[in-house]
Amino acid sequence: MQHGKYRFIVGFLAVPLGLYALFVVWPFIQSIYYSFTDWTGLSPEFKMVGLDNYRRMLDDEIFWKSLQHSLMFAVVLPLVTLGLALFFAFMINVGGRRRRGGPVVSGVRGSSFYKIVYFFPQVLSIAIVALLFAFAYNPDSGAINSLLRGIGLDGLQPLWLGDPDLALWCVMAVLVWSMVGFFVVLFSAGMASIPTDLYEAALLDGAGRATTFFRITLPLLWDTVQSGWVYMGILALGAESFAVVQIMTTGPGGPDYSTTVLVLYVYQKAFRDGQAAYATTIGVALLIVTLAFAAVVMRLGRRERLEY
Amino acid sequence: MGSTSAENNGADGTSGVGRRDLIKRSAALGLISVPAMSFLSACASGGGGDNGGEKAKAGKKTAKNPLAVNDSAPMEFVLFDGGFGKEYAEDAVKIYEKDFPKAKVKFAATQKIQSTLQPRFNQGTPPDLIDNSGAEQMDMGVLASKNQLTDLTPLLDAPSYDDPAKKVRDTLRPGIVEMGQLDGDPVWIMYYAYTVYGVWYSRKALDSLDEQYPETWDQMLAVCAKAKKKGMAGWTYAGKYPYYLPFSLYPMIGKVGGREVLDAIDNLEPNAWKHPAVKACFDAYYELYKKGYVLKGTPGLDHIQSQTAWAEGKALFIPNGSWVENESANVIPKDFDLAVSAPTGIDGSDKMPFGTIWASGGEPFIVPAKGKNAAGGMEQLRIMLSEASSKNFTSKVKSLTAYNGGTDGITLTPGLKSGVAALEKAGDNVVNPRIQDWYVQLQKEQIGVAGLGEMMAGRITPAEAIKKIQGFADAAAKDSSIKHYKHQ
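Note that the coordinates shown come from a computational prediction; the quantities given were computed from them, not determined experimentally.

Reading the values: the criteria
Residues numbered from 1 in each chain as written. Chains lettered and ligands numbered in written order. Predicted model: local features only at pLDDT ≥ 70, side-chain atom pairs only at ≥ 80, totals over all residues. Heavy atoms only, no water. Helix = DSSP H or I, 4+ residues; strand = E, 2+ residues; numbered from the N terminus. Buried < 20%, exposed > 50% of the residue type's maximum accessible area, 1.4 Å probe, protein only. Areas by Shrake-Rupley, 256 points an atom, 1.4 Å probe, with all protein chains shown as cover. Lys, Arg positive; Asp, Glu negative; His and termini not counted. Charge placed at Lys NZ, Arg CZ, Asp CG, Glu CD. Domains from an automatic or database assignment. Contact = heavy atoms within 4.5 Å. Buried area = accessible area lost by both parts, 1.4 Å probe. Salt bridge = Lys/Arg side-chain N within 4 Å of Asp/Glu carboxyl O. Polar contact = N/O pair within 3.5 Å; in protein donor to acceptor, adjacent residues only side chain to side chain. Nonpolar A, V, L, I, M, F, W, Y, C, P; charged D, E, K, R; others polar. Core = buried A, V, L, I, M, F, W, Y, C linked by side-chain atoms within 4.5 Å. UniProt positions renumbered as here; feature names shortened; annotations may be inferred. Expected span 1.5 Å × (residues − 1). Arc of directions from axis to C-beta. Patch = residues over 30% accessible without salt bridge, like charges linked within 9 Å, V, L, I, M, F, W, Y side chains within 5 Å. Pairing = 2+ DSSP bridges. Right-handed = clockwise from strand over helix to strand, strands pointing away. pLDDT = per-residue confidence, 0-100. Axes fitted to C-alpha atoms, helices over the stretch in contact; angles between N-to-C directions. Parallel < 35°, antiparallel > 145°, perpendicular 65-115°, else oblique. Phe/Tyr/Trp six-rings, centres within 6.5 Å; stacked < 30°, edge-to-face > 60°. Lys NZ or Arg CZ within 6 Å of the ring centre and 35° of its normal.

**A few points about the overall build of chain A**
Line of reasoning, step 1. Check the secondary structure of chain A and you find 13 helices and 0 strands.
Line of reasoning, step 2. Beginning at the N terminus, the succession of helices and strands in chain A can be written as α-α-α-α-α-α-α-α-α-α-α-α-α.
Line of reasoning, step 3. When the backbone C-alpha atoms are referred to their principal axes, chain A occupies close to 80 × 75 × 30 Å.
Line of reasoning, step 4. Each of the 308 residues in chain A was classed as buried or not, and the buried ones make up 48%.
Line of reasoning, step 5. Accessible area for chain A stands at about 15,800 Å²; split by element, carbon and sulfur atoms hold 68% of it.
Line of reasoning, step 6. Each charge class in chain A can be summarised by its mean position, and for the 21 positive and 19 negative side chains these summaries are 12 Å apart.

Written as structure tokens, this is what we have:
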């Protein structure tokens, strides 16, 4: 019987694990292998070069700049996005004033409307979002500077994406704008599963909104926040940051390398400069950064799980 | 991976069984569809070149078929579907099909050159002719050095399509053949379009200021001052892609200091950028910024936005290439009277006369070495380089071709007409800086964005920009991971 059981389980696991191995693990192994070669990506011929690519990477100023920006994305973006999303979700679900005859816990007035509006950007593809903002940031006739002129701030006409000090923040703002809605919905769902009697008890004890949030909502939502953090961080390190930087920024990656990120650098090396092997080397670095990020978040976020 | 894929490509498939077996089983389970199999069994770098099947046998060499094309061999042609569209190529394919009725031509147009063709190069099954253009252009230096391209010399030495007494080589515009060479004699690339770079402006706007196109920098500043009084900026440029600035800046450097300065820059010679002519031209451009003659907000505009602002009359001049007429056709007003001029110099002491202009080939066509019918690919190019095909291209997409001539008897648009006039005025004084096709990263990201872009935004001085750019050039010269070229 025991034997049959294992065969049964293995039968179910083999296919998904096989698919995972082929489509995820195998490409990873290939990339790591290629990082030790001088493959151009344009011909099947290459030879092993040992650690040359890694030595080159350590001396590569642009690599360090990209790494720095990517790390900044991974730290700042989740912090701001999740912070905002938690605030919005709380106000939508719990933060409302108690109305006579209504439920004990409710959102602010019009909360169902807000919930939909926050989700709007999530419906747009990231490429469209990036293009829209590229127009909005146009210093000559874009929405933002026109607005500034409209309210009489003629002297304040920043170059936005053209200014090395602002460009990176402009890009981050776009990512926050486009991602926050998803987390509002995610956290709303999480909050809906927190039992109302906990809130009732807190209210009876005279807790205000802030106390309720920090003492009840946040601790009970911790698991969701943590997975959201990892998810957002990976997006910030990967696809989303590539799309906005590639579409919106000067160069792309500038001005003066102020917005270059690791994924963009991988792309440029592999597909512009015909240096696929070096690109995979940077990809390996990115893999390490991503894994380290997930590990750090998981470790820092480890808390006692509350059953309710 | 190299090793495993080599096994996979063993003709009988006896090796690499483990993985295939696994796939077969999964397929039997109905969980992986058949098309996925070929994908799975291939690694990213594919295998050797011998799995592409047989090459076409040479055909019979005749006067009408000087390249000895096999008249029944299929030919595959992949075109970049960009600003020039695909109609001109389809028309040329029709001629090929007429000349070789038994041959099957597979024609495809795409914007995704690299994503569709890179895997095919890796598998050793590239098409026979490629228009390797657009944002997804493949690095031709790498392709050539990895023996992936066919030397086009037989095509150049073949009689031209129109006149059997004239070789194809002799029907081309100056510089086209040299541009196709990368290292030594072989010609790897045939640039089909011919682009005129320079300063683009509206004659109507200049007339409204009562001015001619300025020939010296003092005149340029005077024109800009006059425009400013009328609430118009002198210049704008693609601020987000400042590597548009060289379209007028490099020929200006050539005019002021002579061709050698540009050649030294292309050759990445030490201190090439420290030449006084470079400093003089950088200073001149920086003065435009200093005096407020550059449209406000320009560093944050992309090429389309800057061209639109310029077409709306917000700025007088824009450095650009002859594609601007087509690209901005929908925003350029009817009475704009578009014109291009060779760049303004410093003064009468410049080494080359006013009229010195940058013109060079665009739309690089390549014939892969591992394709099955390279002769067919070259024959297709020979057809495209005929007068009729060239005229067809020019009238359809408002651009010149590599074919020298081909403008008689067709109505030229204002921009094109002024481009032809500018080329005539230039005569032999056509410069052709190669740095933009030899060292893409250096030209775009480093000289363009980090150097010129920063200088024109006023964040660094010309002296600092030169120092920075020289540093980048020196680093590129030392970098063993990039291929280096020299002017012959």
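**Brief notes about the domain arrangement of chain B**
Residue and element names in this part refer to chain B.
Line of reasoning, step 1. For chain B, the domain assignment lists domain 1 (75–195 + 360–411) and domain 2 (196–359 + 431–478).
Line of reasoning, step 2. Computed over C-alpha atoms, the centres of domain 1 and domain 2 are 30 Å apart.
Line of reasoning, step 3. The partner domain 2 presents 14 residues to the 12 residues of domain 1 that form the contact.
Line of reasoning, step 4. Both sides of the domain 1 and domain 2 interface together cover about 1,000 Å² of buried area, and 47% of this is carbon and sulfur.
Line of reasoning, step 5. A per-residue breakdown of the area domain 1 buries against domain 2 is headed by T195, S360 and K398, which together make up 52% of the total.
Line of reasoning, step 6. Between the two partners, domain 1 and domain 2, sit 0 salt bridges.
Line of reasoning, step 7. In this assembly, domain 1 and domain 2 are joined by 3 residue pairs in polar contact (both at pLDDT 80 or more).
Line of reasoning, step 8. Of the residues forming the side of domain 1 that touches domain 2, the biggest block, 3 residues, is contributed by strand β4 (residues 190–202).

**Considerations on the interface of chain A and chain B**
Accessible area lost when the parts come together is the quantity often used to give the size of an interface.
Line of reasoning, step 1. Tallying the contact residues gives 47 residues for chain A and 51 residues for chain B.
Line of reasoning, step 2. Roughly 4,100 Å² of surface becomes buried between chain A and chain B when both sides are summed, with 57% attributable to carbon and sulfur atoms.
Line of reasoning, step 3. Our count for the contact surface shared by chain A and chain B stands at 3 salt bridges.
Line of reasoning, step 4. At the boundary of chain A and chain B, one finds 10 residue pairs in polar contact (both at pLDDT 80 or more).
Line of reasoning, step 5. Mapped by element, the contributors of at least two residues to the side of chain A that touches chain B are α1 (2–34), α5 (126–136) and α12 (262–272) of chain A.
Line of reasoning, step 6. At 9 residues, the largest contribution of residues to the side of chain A that touches chain B is made by α1 of chain A.
Line of reasoning, step 7. Partitioned by chemical class, the residues of the side of chain A that touches chain B number 24 nonpolar, 14 polar and 9 charged.

**Quick look at the nonpolar core**
Line of reasoning, step 1. In this structure, W273, F282 and F317 of chain B are the most contacted members of the largest nonpolar core, which totals 219 residues.
Line of reasoning, step 2. Looking at this core, the element that brings in the most residues is helix α3 (residues 61–93) of chain A, giving 14 residues.
Line of reasoning, step 3. Two domains each put at least three residues into this core: domain 1 (75–195 + 360–411) and domain 2 (196–359 + 431–478) of chain B.
Line of reasoning, step 4. Discounting residues that sit within four places of it in the chain, F282 of chain B has contacts with L249, I253, W273, L452, M455, P462, A465, I466 and I469 of chain B.

**Topic: the UniProt feature "transmembrane region" (unreviewed entry) in chain A**
All names here are of chain A.
Line of reasoning, step 1. Taking the UniProt record as the reference, the feature "transmembrane region" (unreviewed entry) is found at residues 7–29, 71–95, 116–137, 166–187, 229–248 and 276–298.
Line of reasoning, step 2. Across residues 71–95, helical content stands at 92% and strand content at 0%; the span's end C-alpha atoms are separated by 33 Å.
Line of reasoning, step 3. Structurally, residues 229–248 comprises 95% helix and 0% strand, and the distance from its first C-alpha atom to its last is 25 Å.

**Re helix α10 (residues 222–237) of chain A**
Residues and elements named next belong to chain A.
Line of reasoning, step 1. With 16 residues, α10 extends 22 Å from end C-alpha to end C-alpha; this agrees with the ideal 22 Å at 1.5 Å per step.
Line of reasoning, step 2. Those residues of α10 lying buried are V225, Q226, G228, V230, M232, G233, L235, A236 and L237.
Line of reasoning, step 3. On its buried face, α10 is in contact with α3, α7 (167–192), α9 (209–220), α11 (239–248), α12 and α13 (276–300).

**Quick notes on helix α4 (residues 87–99) of chain B**
Residue and element names in this part refer to chain B.
Line of reasoning, step 1. End to end, α4 covers 19 Å across 13 residues, agreeing with the expected 18 Å (1.5 Å per residue, within 8%).
Line of reasoning, step 2. Within α4, burial applies to Y88, A89, A92, V93 and Y96. Angular distribution of buried residues about the axis of α4 spans 135°; they occupy a single face of the element. Of the exposed residues in α4, those oriented more than 90 degrees away from the buried face are K94 and K98.

**What to know about a nonpolar patch on the surface**
Residues and elements named next belong to chain A.
Line of reasoning, step 1. Nonpolar side chains collect at one region of the surface, where Y6, F8, I9, F12, L13 and L17 lie side by side and expose about 670 Å² of accessible area between them.
Line of reasoning, step 2. Structurally, L13 is set in helix α1.
Line of reasoning, step 3. Note on L13: relative accessible area 45%, which makes it partly exposed.

**Regarding the pattern of salt bridges**
Line of reasoning, step 1. Summed over all chains, the structure comprises 27 salt bridges over all chains.
Line of reasoning, step 2. Between R272 of chain A and D273 of chain A there is a salt bridge whose closest N-O contact spans 2.8 Å. D273 of chain A carries the same exposure label as R272 of chain A, and that label is buried.
Line of reasoning, step 3. Ionic pairing is found between E76 of chain B and K106 of chain B, a salt bridge with its closest N-O pair at 3.8 Å. Linking E76 of chain B in strand β1 (residues 75–80) with K106 of chain B in strand β2 (residues 105–110), this pair joins segments that are 30 residues apart in sequence.
Line of reasoning, step 4. Each of K269, R272 and D273 of chain A together with E445 of chain B takes part in salt bridges that share partners, so that together they form one network.

**Quick look at the pairing of β1 of chain B**
Residues and elements named next belong to chain B.
Line of reasoning, step 1. Among the 6 residues of β1, 6 are classified as buried, and the element is accordingly described as predominantly covered.
Line of reasoning, step 2. Along β1, one buried face is formed by M75, F77 and L79 and the opposite face, lined by E76, V78 and F80, is buried too.
Line of reasoning, step 3. Both β1 and β2 contribute to a ladder of 6 bridges, which runs parallel. Considered in β2, the bridge of F77 is made with F107.
Line of reasoning, step 4. For the segment spanning β1, α4 and β2, crossover handedness is right-handed.
Line of reasoning, step 5. The pairing of β1 with strand β3 (residues 129–131) spans 2 bridges and is classified as parallel. The residue bridging F77 from the neighbouring strand is L129, located in β3.

**Quick notes on the environment of S106 of chain A**
Line of reasoning, step 1. You can see S106 of chain A is positioned in the loop between α3 and α4 (111–123).
Line of reasoning, step 2. Sequence-wise, S106 of chain A and F90 of chain A are 16 residues apart; in three dimensions their C-alpha atoms are separated by 9.6 Å.

**Structural notes on the side chain of T290 of chain A**
Line of reasoning, step 1. Along the chain, T290 of chain A turns up in helix α13.
Line of reasoning, step 2. Not counting residues within four places of it along the chain, the set of residues in contact with T290 of chain A comprises I234 and L237 of chain A.

**Some remarks on the confidence of the model for chain B**
Residue and element names in this part refer to chain B.
Line of reasoning, step 1. For chain B, mean pLDDT is 85; residues scoring 70 or higher make up 89% of the total.
Line of reasoning, step 2. Taken element by element, the predicted model of chain B shows its lowest mean pLDDT in helix α1 (residues 2–8) (37) and its highest in β3 (95).
Line of reasoning, step 3. Scored below 50 in pLDDT, residues 1–19 shows 29 contacts in the model against residues more than four places distant or in partner chains.
Line of reasoning, step 4. Low pLDDT, under 50, characterises residues 22–42; the predicted model gives this stretch 17 contacts beyond four residues in sequence or across chains.

**Here we look at the packing of helix α11 (residues 246–257) of chain B against helix α20 (residues 440–456) of chain B**
Residue and element names in this part refer to chain B.
Line of reasoning, step 1. Between α11 and α20, the least distance of the axes is 13 Å, while the angle of their chain directions is 90°. When the axes of α11 and α20 are compared, the pair comes out roughly perpendicular. Between α11 and α20, the residues in contact are P246, L249 and Y250 and Q443, I447 and L452, respectively.
Line of reasoning, step 2. Broken down by class, the residue content of the contact of α11 with α20 amounts to 5 nonpolar, 1 polar and no charged.

**Some thoughts on the packing of aromatic side chains**
Line of reasoning, step 1. For the structure on display, the rule yields 56 aromatic pairs over all chains.
Line of reasoning, step 2. Taking 6.3 Å as the distance between ring centres and 25° as the angle between the ring planes, the aromatic pair formed by Y114 of chain A and Y118 of chain A counts as stacked. With Y114 of chain A and Y118 of chain A both in helix α4, this residue pair falls 4 residues apart, about one helical turn.
Line of reasoning, step 3. Ring geometry for Y439 of chain B against Y485 of chain B: centres 6.1 Å apart, planes inclined by 55°, an arrangement best described as tilted. With Y439 of chain B in the loop between α19 (435–438) and α20 and Y485 of chain B in the segment after α21 (462–478), this residue pair connects regions lying 46 residues apart in the sequence. Across the pair, exposure class does not vary: Y439 of chain B and Y485 of chain B are buried alike.
Line of reasoning, step 4. Three or more aromatic residues joined by ring pairs form one cluster here, namely Y197, Y241, Y243, Y244, F247, Y250, W273, F282, W323 and W358 of chain B.
Line of reasoning, step 5. The side chain of K5 of chain A reaches across the aromatic face of Y6 of chain A, ending 5.7 Å from its centre.
Line of reasoning, step 6. Across from the ring centre of Y278 of chain A, 3.8 Å away, lies the NZ or CZ of R56 of chain A, which sits over that ring.

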